[in-house]
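Structural overview for review
If you want the building blocks of each chain, they are given just below.
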Amino acid sequence: MSDCIWIHYARPRPHWYGLNATAKQAKQANWQAVAAASLQQGGTCLGTYHVRGQHDFETVELWRFPSAEAAFAHWSGLMAAGYGECNAFANNIGLASGAPP
Amino acid sequence: MTLLTEATDVFAAADTTGRCIVAFLAKRQPVLPGAFGAGERAAIASVLRSLQAEDWRLSVRAMFDPQGAGEPTAFDTGFAHAVDVAGAFEAPSLSAALAGTIRLEQAGWSRRFATEWLLGPREFATVGGTGDAAAHEWGFVALWEWNDAWAAATGPQRREYDAECDVAFAGDVALDISIAGRHRLDWASSWHHIGIWEAPSIAAVDAAMRGHEHAADFKFTTSRHFIGRRRPLADLIAMDRGTA
């Protein structure tokens, strides 16, 4: 097992804004279920931050995972739940260096 | 693993589940005297030998022919791109891939190149061309993302699009292009996929691109392409900046 940081930038795709509130909530509930499962399996969400003022994306979300495979499983679950159809994104993975801060 | 998009007539889902591409887009850095030399080159070669022993494939060629591929190779792209070297390895797992990039960087790779590493699992198996692919010395690297138009399309619209693109991919194979399958990058990149070809000539790649344009491939994707000539990786590492 190795400590990984996973960095996720996102913004809604244009057609997201055309969905009604019920449809949005249903999709968000599915994505929240994926996140809950990842938390259950050892992932840690460090938070979601708003970056639209100085970035191409709207939010950045930070997670720690016990392995690269766990990060992939989290993301793969989101994509299978239609997350990428509603959000443009850019992701990154990093392995803890072990160096002191 | 759930595929991002479904298998097609040309592309079959891979049976090498878990193998992970380690693609690299590398730009040579100005090297100060003493910062990179024979010691670093030997250290990188040593890491590559270790990776080979750990069941890595150290070239695109090795994805087609793991036993007969020979020395590590990559594509010399500097004549056409800001990137000097493009290439790809294949690691036995995601964790091995990520750790391997750091081993190479620490051995001296990072002193030589500024590198964008692209990692992700294999989705589709290799598709051989019609001729002797080992003799092909041109490489073509395609990165793409499914764009907003694809995201807003219906399932039937996407399947119709896949069928149209499959005609173009069959045309690529008929041009004696070999396709190293498809790998998924989206978990750790803004790109969703990478596809790498071995081609007999730049003209073949150009003809293939015309086929993809005819099939409206790019209406649903935003893509970036690199073309380069296959060379031993050791030579590409040793080359001075700006020399042929």
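Structure: see above.
Anyway, here's the lowdown on the structure attached to this text. (Residues numbered from 1 in each chain as written. Chains lettered and ligands numbered in written order. Predicted model: local features only at pLDDT ≥ 70, side-chain atom pairs only at ≥ 80, totals over all residues. Heavy atoms only, no water.)

1. Some points on the overall build of chain B
When helices and strands are tallied, chain B shows seven helices and nine strands. Since a compact globule built from 244 residues should have a radius of gyration of about 18 Å, the 18 Å found for chain B is in line with a globular shape. Taken along the three principal axes of its C-alpha coordinates, chain B extends 60 × 35 × 35 Å. Taken across its 244 residues, chain B has 52% of its residues classed as buried. Taken as a whole, chain B presents about 10000 Å² of accessible surface, with 52% of it coming from carbon and sulfur. Taking the 22 positively charged and 31 negatively charged side chains of chain B as two groups, their mean positions are separated by 7 Å. (Helix = DSSP H or I, 4+ residues; strand = E, 2+ residues; numbered from the N terminus. Rg over C-alpha atoms; globule rule 2.2 N^0.38 Å. Buried < 20%, exposed > 50% of the residue type's maximum accessible area, 1.4 Å probe, protein only. Areas by Shrake-Rupley, 256 points an atom, 1.4 Å probe, with all protein chains shown as cover. Lys, Arg positive; Asp, Glu negative; His and termini not counted. Charge placed at Lys NZ, Arg CZ, Asp CG, Glu CD.)

2. With respect to the interface of chain A and chain B
Put simply, an interface is often sized by how much accessible area is lost when its parts join up. Between chain A and chain B, the contact holds 23 residues from the first and 24 residues from the second. Here chain A packs against chain B, burying approximately 1800 Å² in sum over the two surfaces, 63% of which is carbon and sulfur. Summed over the shared surface of chain A and chain B, the result is two salt bridges. Of all the secondary structure elements, the ones that give two or more residues to the side of chain A that touches chain B are strand E1 (4-12), helix H2 (68-80), helix H3 (83-86) and strand E4 (87-95) of chain A. With eight residues, H2(A) is the single largest residue contributor to the side of chain A that touches chain B. (Contact = heavy atoms within 4.5 Å. Buried area = accessible area lost by both parts, 1.4 Å probe. Salt bridge = Lys/Arg side-chain N within 4 Å of Asp/Glu carboxyl O.)

3. Side note on the pairing of strand E8 (residues 193-199) of chain B
Residue and element names in this part refer to chain B. E8 sits mainly inside the fold: seven of its seven residues count as buried. The pairing of strand E5 (residues 138-146) with E8 spans seven bridges and is antiparallel. Across the sheet, the residue bridging to Ala142 is Gly195, located in E8. By the bridge criterion, two bridges tie strand E6 (residues 178-179) to E8 in an arrangement that is antiparallel. (Pairing = 2+ DSSP bridges.)

4. Brief notes about the sheet that holds strand E3 (residues 59-65) of chain A
Residues and elements named next belong to chain A. Judged by pairing direction, the sheet is antiparallel, and its four strands sit side by side in the order E2-E3-E1-E4 without closing on themselves. Taken across any chain shown, the strands that pair with only one partner, and hence form the sheet edges, are strand E2 (44-50) and E4. For this sheet the average axis-to-axis angle between neighbouring strands, irrespective of direction, equals 15°. Relative to E3, E1 is paired through seven bridges, and the arrangement is antiparallel. Across the sheet, Ile5 pairs through a bridge with Arg64, a residue of E3. Along the sheet face, helix H1 (residues 21-40) touches E2, E3 and E4 and points at about 30° away from the line of E3. (Axes fitted to C-alpha atoms, helices over the stretch in contact; angles between N-to-C directions.)

5. Here we look at the packing of H1(A) against H2(A)
Residue and element names in this part refer to chain A. At a minimum axis separation of 9 Å, H1 and H2 run at an interaxial angle of 165°. By the criterion of interaxial angle, the relationship of H1 to H2 is roughly antiparallel. The crossing of H1 and H2 is right-handed. Judged by residue contacts, Trp31, Val34, Ala35 and Ser38 of H1 engage His74, Gly77 and Leu78 from H2. Per-class residue counts for the contact of H1 with H2 are four nonpolar, three polar and no charged. (Parallel < 35°, antiparallel > 145°, perpendicular 65-115°, else oblique. Left-handed = near helix turned anticlockwise from the far one by under 90°. Nonpolar A, V, L, I, M, F, W, Y, C, P; charged D, E, K, R; others polar.)

6. A short note on the packing of aromatic side chains
Residues and elements named next belong to chain B. All told, the structure shown has 21 aromatic pairs over all chains when counted by the stated rule. Here Phe140 and Trp197 contribute two aromatic rings whose centre-to-centre distance is 4.5 Å and whose plane-to-plane angle is 40°, an arrangement assigned as tilted. Residue Phe140 is located in strand E5, and its partner Trp197 is located in strand E8; the two are separated by 57 residues in the primary sequence. Side by side, Phe140 and Trp197 carry an identical accessibility label, which is buried. (Phe/Tyr/Trp six-rings, centres within 6.5 Å; stacked < 30°, edge-to-face > 60°.)

7. Re the side chain of Thr73(B)
All names here are of chain B. For Thr73, the location among the structural elements is in strand E2 (residues 73-76). Residue Thr73 is classed as buried on the basis of its relative accessible area, which comes to 14%. In this structure Thr73 touches Leu58, Ser59, Arg230, Arg231, Pro232 and Leu233, once residues within four positions along its chain are discounted.

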